[in-house]
Amino acid sequence: MNADRTLPGDWHHGKIPENVKIHDSAYIQTTYSFQLFRSEQPDAIEVGEAASIYLGVMFDMGRDARLSIGSYALLNGARIICDSEITIGDYALISWNVVLMDSYRVSMNAAQRREELRTMPLRSSSLAGLARPIRIGNNVWIGFDSCVLPGVTVGEGSVIGARSVVAEDVPPFTVVAGNPARPIRKLEPYCSSQHA
Amino acid sequence: MTDPTRQTEGWTHGPLPANVRIGAQTRITADYAFKRFLSRQPEALVLGSRCTMDGVHFAVGEQGKIEIGDYCYFTNAVLLCELQLRFGNYVVIGWNATIADTDFHPINPAERIADAIACSPAGKGRQRPQIARKPVIIEDDVWIGPNATILKGVRIGAGAVIEPGSLITRDVPAGARMLGNPAQIIGTSV
């Protein structure tokens, strides 16, 4: 990041918002990713050591949203729809067109939704209390086109197959796939010899 | 632009197509919104009032017609229309959800070869074979999540909720909550 919060070689003429904290060794490809960023939280996004955020990632974050991205995490074109809190662990790999959403943005009650739609400004945040935080553990790999729904926790070391829709929590070291996603098999947790 | 019905936010490639009619206080963003809008129908897109079309793709073929009611909010929806898409009032559609009223190409292998030739640079003026098309109807108060896909001939009943990533190939009863590929009823919307 340059001193004026622009990015070297950026095709989009934007800046990294002041309330986004990025580790010196992390990489962000374009400020276009902040086109829909409107969080007013003090440290709305924290990007860890050597994390990378490539073209196509969109931080669609409402007023109260917070996002933390772990060290060595790699995001390649994810749509992050966040109104409360999303945590992405260290070494996580998030593929293209993945949707991580902690909120449905409008009420799921049709009558109430009508009221909201009558007065909804462009790109508003969801109403307080509607959003449920998402946690993506360390070393999780999410395949392309997958969706992770509000309130879901994905345990450490797990793999989400491409085009899955994750509506329920995923235990650690588990492969899940399908729409809705179901467990397929277990993975071996780290051996002390491999991870000394 | 002086005519208020011609005015949209972020529409940077001149006025709206002449066969587009939009209601009061409706917003359309994104300069690509009408990049693939080829309809020759007199009222090809009729949009109600107080709608938000934020980054929506209106990919409409020569015979396509889209009708959208009032108070709808679409975010980056992809509308692929060769015949007819009809949306009621208070419909919400999320990012990258795709709605198509056509198969795009014939299913029959021999016809598909004819179609490939007609679509090729060598196929100038050659008639494409008949391609299956059926209108899609989305009733009032339907909510469609990001990455969902709605295929041709489907009617989604009032108040139904289509969870993110779902694939809908059959009619959805009013008030149902749908999830999966193929989508199943997982409950009712409150």
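Everything that follows concerns the structure shown earlier in this document.
I will try to describe carefully the structure that is included in this document. Keep in mind it's a predicted model, so treat the numbers as computed, not measured.

Basis of the calculations
Residues numbered from 1 in each chain as written. Chains lettered and ligands numbered in written order. Predicted model: local features only at pLDDT ≥ 70, side-chain atom pairs only at ≥ 80, totals over all residues. Heavy atoms only, no water. Helix = DSSP H or I, 4+ residues; strand = E, 2+ residues; numbered from the N terminus. Contact = heavy atoms within 4.5 Å. Buried area = accessible area lost by both parts, 1.4 Å probe. Salt bridge = Lys/Arg side-chain N within 4 Å of Asp/Glu carboxyl O. Pairing = 2+ DSSP bridges. Buried < 20%, exposed > 50% of the residue type's maximum accessible area, 1.4 Å probe, protein only. Polar contact = N/O pair within 3.5 Å; in protein donor to acceptor, adjacent residues only side chain to side chain.

## Notes on unusual backbone geometry
Logical step 1: Cis geometry marks the peptide bond from A:Asn179 to A:Pro180; its omega dihedral reads 0°.
Logical step 2: Examined against the element boundaries, A:Pro180 turns out to sit in the loop between strand S18 (174–177) and strand S19 (182–186).
Logical step 3: Omega for the peptide link from B:Asn181 to B:Pro182 comes to -5°, which places this bond in the cis form.
Logical step 4: Looking at where B:Pro182 falls in the secondary structure, it is placed in the loop between strand S18 (176–180) and strand S19 (183–188).
Logical step 5: Despite not being glycine, B:Ala30 shows a phi value in the positive range, around 85°.

## Quick word on the interface of chain A and chain B
Logical step 1: Every contact between the two is made by 27 residues of chain A and, on the other side, 30 residues of chain B.
Logical step 2: In this assembly, chain A packs against chain B so that about 2,500 Å² is buried in total across both faces, 58% of it on carbon and sulfur atoms.
Logical step 3: The tally of links between chain A and chain B comes to two salt bridges.
Logical step 4: Close ionic contact of A:Arg114 with B:Asp140 constitutes a salt bridge, the shortest N to O distance being 3.9 Å.
Logical step 5: Listed by contribution, the elements that provide at least two residues to the side of chain A that touches chain B are strand S8 (79–82), strand S11 (99–101) and helix H1 (110–119) of chain A.

## So, the sheet that holds strand S12 (residues 134–136) of chain A
Residue and element names in this part refer to chain A.
Logical step 1: In space, the six strands of this open sheet follow the order S1-S3-S6-S9-S12-S15, with parallel pairing throughout. Strand pairing shows two members of the sheet lacking a second neighbour, strand S1 (20–22) and strand S15 (153–154), which therefore form its edges.
Logical step 2: Sheet topology note: the strand S3 (residues 45–47)/strand S6 (residues 66–69) ladder contains three bridges and is parallel. Each residue of the ladder has a partner; that of Val 47, found in S6, is Ile 69.

## Re the pattern of salt bridges
Residue and element names in this part refer to chain A.
Logical step 1: Going through the model one piece at a time under the given rule, you end up with 17 salt bridges over all chains.
Logical step 2: Arg 38 serves as the salt-bridge partner of Asp 60, at 3.1 Å between the closest nitrogen and oxygen. On the criterion of sequence distance, the pair formed by Asp 60 in strand S5 (residues 58–61) and Arg 38 in the loop between strand S2 (27–28) and S3 is long-range, its members being 22 residues apart.
Logical step 3: Judged by its relative accessible area of 6%, Asp 60 is buried.
Logical step 4: Salt-bridge contacts for Asp 64 lead to Arg 63; the nearest nitrogen and oxygen are separated by 3.0 Å.
Logical step 5: Given the relative accessible area of 33%, Asp 64 is considered partly exposed.

## Considerations on the sheet that holds strand S7 (residues 73–75) of chain B
Residue and element names in this part refer to chain B.
Logical step 1: Strand order in the open sheet made by the eight strands is S2-S4-S7-S10-S13-S16-S18-S19, with mixed pairing throughout. Strands with a single pairing partner mark the edges of an open sheet, and in this sheet they are strand S2 (27–28) and S19.
Logical step 2: When S18 meets S19, the two strands line up antiparallel, connected through five bridges. When the sheet's bridge partners are listed, Met 178 is paired in S19 with Ile 185.

## Comments concerning the side chain of B:Ser189
Residue and element names in this part refer to chain B.
Logical step 1: By the element assignment, Ser 189 lies in the segment after S19.
Logical step 2: The buried category is assigned to Ser 189, whose relative accessible area is 14%.
Logical step 3: At 2.8 Å, the side chain of Ser 189 forms a polar contact with the backbone oxygen of Gly 159.

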